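Chain and residue survey
These are the residues of each chain, in order.
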Amino acid sequence: MTADAGATVPRKQIRVVGAAIVRDGEVMCAQRGGGKQLSGKWEFPGGKIEPHETPREALHREIEEELLCEVEIGDEVCTDSYDYDFGTVTLTVFICHLLSGEPRRTEHQQFRWLKPADMPSLDWAPADHKAVSMISTMDFMGK
């Protein structure tokens, strides 16, 4: 038996950001498109952080590319990790507000604008669960 017989291969680390976009007291929830990992699950729109980017820079770029609109990135909600079969996803979610444009679907099956308390009723991707739980207790009326 070799010395490394019990060694485990390091898991792929995937750093991503998500936007909890708030409008009129509701939060935009996005359903992942078909043909992708976690297809049909709900998520906060966003994407991978490139090596040269901060989380905020990555989120700004991803929202422009994915939703074709511009947001103001506000407070960080939380960062949480989840071990999927394809690697460990570390997700940082920020509260965001629309600045210009109407979000358009380029990668998602559908969007829903929900009151925070109604968000847990959707089938969320596991990495999003902590942020959903925290946001579901927030009140965005008047913001």
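Residues numbered from 1 in each chain as written. Predicted model: local features only at pLDDT ≥ 70, side-chain atom pairs only at ≥ 80, totals over all residues. Heavy atoms only, no water.

**Points about the pattern of salt bridges**
Applying the stated rule across the entire model yields nine salt bridges. Put simply, Arg 11 and Asp 83 hold a salt bridge, and the shortest N to O gap is 3.6 Å. Here the residue Arg 11 occupies a position in the segment before β1 (13–23), and Asp 83 occupies one in strand β5 (residues 70–84), the gap between them amounting to 72 residues. For Arg 11, a relative accessible area of 37% corresponds to the partly exposed category. Connected through shared salt-bridge partners, Glu 53, Arg 61, Glu 62 and Glu 65 make up one network. (Salt bridge = Lys/Arg side-chain N within 4 Å of Asp/Glu carboxyl O. Helix = DSSP H or I, 4+ residues; strand = E, 2+ residues; numbered from the N terminus. Buried < 20%, exposed > 50% of the residue type's maximum accessible area, 1.4 Å probe, protein only.)

**What about the UniProt feature "domain: Nudix hydrolase" (unreviewed entry) in the chain?**
Feature annotation in UniProt places "domain: Nudix hydrolase" (unreviewed entry) on residues 12–136, given in this structure's numbering. In residues 12–136, the share of helix is 16% and the share of strand is 47%. The end C-alpha atoms are 30 Å apart. (UniProt positions renumbered as here; feature names shortened; annotations may be inferred.)

**A word on the packing of aromatic side chains**
The final tally for this structure, using the stated rule, is three aromatic pairs. Note on Phe 44 and Trp 124: the rings are 4.9 Å apart at their centroids and 35° apart in plane angle, and the pair reads as tilted. Of this pair, Phe 44 sits in the loop between β3 (42–43) and β4 (46–48) while Trp 124 sits in the loop between β7 (108–114) and α2 (129–135), placing them 80 residues apart in sequence. Phe 44 gets classed as buried once you look at its relative accessible area, which sits at 3%. What makes Trp 124 buried here is its relative accessible area of 3%. Feature note: the residues Tyr 82, Tyr 84 and Phe 86 constitute an aromatic cluster, connected by ring pairs. (Phe/Tyr/Trp six-rings, centres within 6.5 Å; stacked < 30°, edge-to-face > 60°.)

**Overview of the pairing of strand β6 (residues 87–100)**
Strand direction decides the pairing type here: β1 and β6, joined by ten bridges, are parallel. Bridge pairing in β6 links Gln 13 to Thr 88. Relative to β6, β5 runs antiparallel, the two being bridged by twelve bridges. In the sheet register, Val 71 faces β6, and the bridge partner there is Leu 98. Turn length for the β5-β6 hairpin, with the two strands adjacent in sequence and antiparallel, is two residues. (Pairing = 2+ DSSP bridges.)

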